[in-house]
Amino acid sequence: MSEHESSQPQHDENHIMAERRDKLKALREAGVAFPNDFKREDFSGDLHTRYNDNSKEELEPLNVQVAVAGRMMLKRVMGKASFATIQDVTGQIQLYINDQGVGPEVHAAFKHWDMGDIIAARGTLFKTNKGELSVNVTELRLLTKSLRPLPDKFHGMTDQEQKYRQRYVDLITSEHSRNTFIKRSKIVQTIREVMVAQHYLEVETPMMHPIPGGATAKPFVTHHNALDMSLYLRVAPELYLKRLVVGGLERVFEINRNFRNEGMSTRHNPEFTMIEFYEAYSDYQRMMQMTEHIIRQCAIAATGHTTVTYHGKEVDLGKPFDRFTIVGAIKHYNPQYTDAQLFDADWVAAEIQRLGGKLPPAPGLGSLQLTLFEECAESLLWNPTFIVDYPVEVSPLARGSDADQSITERFELFIVGREHANGYSELNDPEDQAARFLSQVEQKDAGDDEAMHYDADYIRAMEYGLPPTGGCGIGIDRLVMLLTDSPSIRDVILFPQMRLEGQA
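Residues numbered from 1 in each chain as written. Predicted model: local features only at pLDDT ≥ 70, side-chain atom pairs only at ≥ 80, totals over all residues. Heavy atoms only, no water.

### Focus: the overall build of the protein chain
Stage number 1. Helices and strands together make up the secondary structure of the protein chain, namely 17 helices and 18 strands.
Stage number 2. Overall size of the protein chain, expressed as C-alpha extent along the three principal axes, is 85 × 55 × 55 Å.
Stage number 3. Counting only residues that meet the buried cut, the protein chain has 47% of its 504 residues in that class.
Stage number 4. Taking the contacts inside the protein chain whose residues are at least 6 apart along the sequence as the reference set, 66% of them involve residues at least 24 apart. (Helix = DSSP H or I, 4+ residues; strand = E, 2+ residues; numbered from the N terminus. Buried < 20%, exposed > 50% of the residue type's maximum accessible area, 1.4 Å probe, protein only. Contact = heavy atoms within 4.5 Å.)

Right under this line is the structure:
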């Protein structure tokens, strides 16, 4: 491609913008730029819902007067009559404009308005001969002059990175993107409704922590000038939420933003959204029931069904979720392995390395088995599956099993090969918790950046008495990915983290 060809689109855009700025200048000189005195009374989607089934003959005597506003997405000038399609948050509706309705002066001005301009109209609802619901316009206003041209209406934005950087344009031009984020809102609202119906209280806890805790993750660090101290953007709200359970708020939840200073991929963004919830006098079995219920209700809210399609393959969220232990899942998907091999730490370590994996920082057979599971079974868990009974060395906040003190009452939920939730019966023995924090400190001193700090105030809170408690966290971004068939986490975050524009 020649230099002239590569620069031509930019040249064309600059030319279009110059023309539009001249039009805006004329509006300013006439004293009518950016008015704010029009009050919209009707949404296009509501009008379609209410009147689409009416015939042309039925609609006419109703004399339905409407006031609509939106962005002009289509425009057809046909001599004495013109048509425009405007788009609002609920959909689109057609405007019919002529000299008789709006006057020759306004109609003439409209012919010079541009795609992307935000316009308003009053008039009478009618149906065209082709049956399209439309507004016969009697008042037409230009509310906002668009200075930049929209992408080609047939192709939209074709550069995926540009969609993420300029989400505002993506939302204007892509119905699919708009629907994705409308569904995301419905999912979050459904979660709130489910939790409130179960007598949970929504709370807010700090996003800047003096000690990072609640998850094994590398935090972002900032500095508070007035206090002259380092603070950490939260990696999880867990320890604050459990403090509230100690205080007597027995069922709490928070839809929270967490920050983890880790890699970026199609399933990881450094800033992400979760729901965490804690229930006194509960355990991990109850948390699994709650998790199933939440995910099913979200699926119904977003899609109308409990069976969804992801990447062309069906996912059944309606039937009871499967359950495996870590070793059980390894054996189910790798029947060639024997119990003798899977309970031989040296063999497991060698197998991890043979598969190209890294050995875990935490020593012990349990953490080796977990790493092997991640290498050879995790990605195969397509339908919803709870993996239960995690080893103590990788579960510093979970209650140990009464039947086997080497494992905890903990689960993780996997769907389409990805972790979607993590929950457990909470450790409520303050002395055991203090010992586990000390073990984490030893791991951190040995070079594990993700190991936890010792939180003395959390231990003090536990010493007042934490009732038997179950807790869980569900990743909302990944749940939205699943329920909207989105391949990347960036597709479901309005403004995902990006490198600076132009940076390699």
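### A closer look at the UniProt feature "binding site: Mg(2+) 2" (unreviewed entry) in the protein chain
Stage number 1. UniProt annotation of "binding site: Mg(2+) 2" (unreviewed entry) refers to Glu419 when read in the numbering used here.
Stage number 2. When you line up the elements, Glu419 lands in strand E17 (residues 418-425).
Stage number 3. We classify Glu419 as partly exposed; its relative accessible area is 29%.
Stage number 4. In contact with Glu419, other than residues within four places in its own chain, are Glu412, Leu413, Phe414 and Arg478. (UniProt positions renumbered as here; feature names shortened; annotations may be inferred.)

### A few points about the pattern of salt bridges
Stage number 1. By the definition in use, this model includes 29 salt bridges.
Stage number 2. The closest approach of N and O atoms between Glu292 and Arg296, which form a salt bridge, is 2.5 Å. One end of the pair, Glu292, and the other, Arg296, are both in helix H10 (residues 284-303), four residues apart, so they sit about a helical turn from each other. Considered together, Glu292 and Arg296 belong to a single accessibility category, that of buried residues. (Salt bridge = Lys/Arg side-chain N within 4 Å of Asp/Glu carboxyl O.)

### Some thoughts on the UniProt feature "binding site: Mg(2+) 1" (unreviewed entry) in the protein chain
Stage number 1. The sites that carry the UniProt feature "binding site: Mg(2+) 1" (unreviewed entry) are, in the present numbering, Glu412 and Glu419.
Stage number 2. On the secondary structure map, Glu412 appears in strand E16 (residues 410-415).

### A short note on the sheet that holds strand E4 (residues 118-127)
Stage number 1. A barrel is described by the order of its strands in space; here five strands give the closed sequence E1-E2-E3-E5-E4, paired in mixed fashion. Between one strand and the next, the sheet's axes are offset by a mean angle of 55°, whatever the strand orientation.
Stage number 2. Those strands touched by helix H2 (residues 44-51) are strand E1 (65-78), strand E2 (81-88), strand E3 (91-98), E4 and strand E5 (133-144), and its axis lies near 90° from that of E3. (Pairing = 2+ DSSP bridges. Axes fitted to C-alpha atoms, helices over the stretch in contact; angles between N-to-C directions.)

### What to know about the sheet that holds strand E6 (residues 201-202)
Stage number 1. A sheet is described by the order of its strands in space; here eight strands give the open sequence E6-E10-E11-E18-E17-E16-E15-E14, paired in mixed fashion. Either end of the sheet is taken by a strand with one partner, and the two such strands are E6 and strand E14 (322-325).
Stage number 2. Relative to E17, E16 is paired through six bridges, and the arrangement is antiparallel. Bridged to Arg410 within E17 is Tyr424.
Stage number 3. The strands touched by H10 within the sheet are strand E10 (251-259), strand E11 (271-280), E14, strand E15 (385-388), E16, E17 and strand E18 (469-475), with E16 carrying the most contacts at an inclination of about 20°.

### A look at the environment of Tyr200
Stage number 1. Within the fold, Tyr200 resides in the loop between helix H8 (175-197) and E6.
Stage number 2. A relative accessible area of 4% means that Tyr200 is categorised as buried.

### Description of the packing of aromatic side chains
Stage number 1. For the structure shown, the criterion picks out eleven aromatic pairs.
Stage number 2. Judged by centre distance (5.3 Å) and plane angle (80°), the ring pair of Tyr337 and Trp347 falls under edge-to-face. Here Tyr337, found in the loop between helix H11 (326-333) and helix H12 (339-342), pairs with Trp347, found in helix H13 (residues 345-354); they are ten residues apart in sequence, far enough to count as distant.
Stage number 3. The class of Tyr337 is buried, set by a relative accessible area of 7%.
Stage number 4. Under the relative-accessibility criterion, Trp347 is labelled partly exposed at 21%.
Stage number 5. Three or more aromatic residues link up through ring pairs in this structure, and these residues are Phe83, Tyr96 and Phe126. (Phe/Tyr/Trp six-rings, centres within 6.5 Å; stacked < 30°, edge-to-face > 60°.)

### Some words on helix H16 (residues 456-463)
Stage number 1. Buried residues of H16: Tyr458, Ile459, Ala461 and Met462, and no others. Seen end-on, H16 carries its buried residues on one side only, within an arc spanning 155°.
Stage number 2. Where H16 is buried, its residues contact helix H9 (238-246) and helix H15 (430-445).
Stage number 3. With a side-chain oxygen lying 3.2 Å from the backbone nitrogen of Asp457, the N-terminal cap of H16 falls on Asp455.
Stage number 4. Where H16 terminates, the next one or two residues include Gly465, which has phi positive at roughly 110°. (Arc of directions from axis to C-beta. Polar contact = N/O pair within 3.5 Å; in protein donor to acceptor, adjacent residues only side chain to side chain.)

### Considering unusual backbone geometry
Most peptide bonds take the trans configuration, and most residues that are not glycine carry a negative phi.
Stage number 1. A positive phi angle, close to 60°, is found at Tyr281, a residue other than glycine.
Stage number 2. If you trace the backbone, Tyr281 turns up in the loop between E11 and H10.
Stage number 3. In this structure, Asp485 is a non-glycine residue whose phi angle is positive, near 55°.
Stage number 4. For Asp485, a relative accessible area of 33% translates into the label partly exposed.

### Focus on the confidence of the model for the protein chain
Predicted coordinates in areas of low pLDDT are best not read in detail.
Stage number 1. Here the protein chain averages 93 in pLDDT, and 96% of its residues register 70 or above.
Stage number 2. Counting contacts from residues 1-6, a segment whose pLDDT is below 50, to residues more than four positions away or on other chains yields one contact. (pLDDT = per-residue confidence, 0-100.)

### A closer look at the packing of H11 against helix H14 (residues 365-376)
Stage number 1. With their axes 9 Å apart at the nearest point, H11 and H14 run at an angle of 35° to one another. The crossing of H11 and H14 is left-handed. Contacts from Ile326, Val327, Ala329, Ile330 and Tyr333 in H11 reach Gln369, Leu370, Leu372, Phe373 and Cys376 in H14.
Stage number 2. Class assignment for the residues of the contact of H11 with H14 results in nine nonpolar, one polar and no charged. (Left-handed = near helix turned anticlockwise from the far one by under 90°. Nonpolar A, V, L, I, M, F, W, Y, C, P; charged D, E, K, R; others polar.)

### Considerations on a nonpolar patch on the surface
Stage number 1. Taken together, Tyr168, Leu494 and Phe495 make up a surface patch of nonpolar side chains, about 350 Å² in accessible area.
Stage number 2. Secondary-structure assignment places Leu494 in the segment after helix H17 (476-484). (Patch = residues over 30% accessible without salt bridge, like charges linked within 9 Å, V, L, I, M, F, W, Y side chains within 5 Å. Areas by Shrake-Rupley, 256 points an atom, 1.4 Å probe, with all protein chains shown as cover.)

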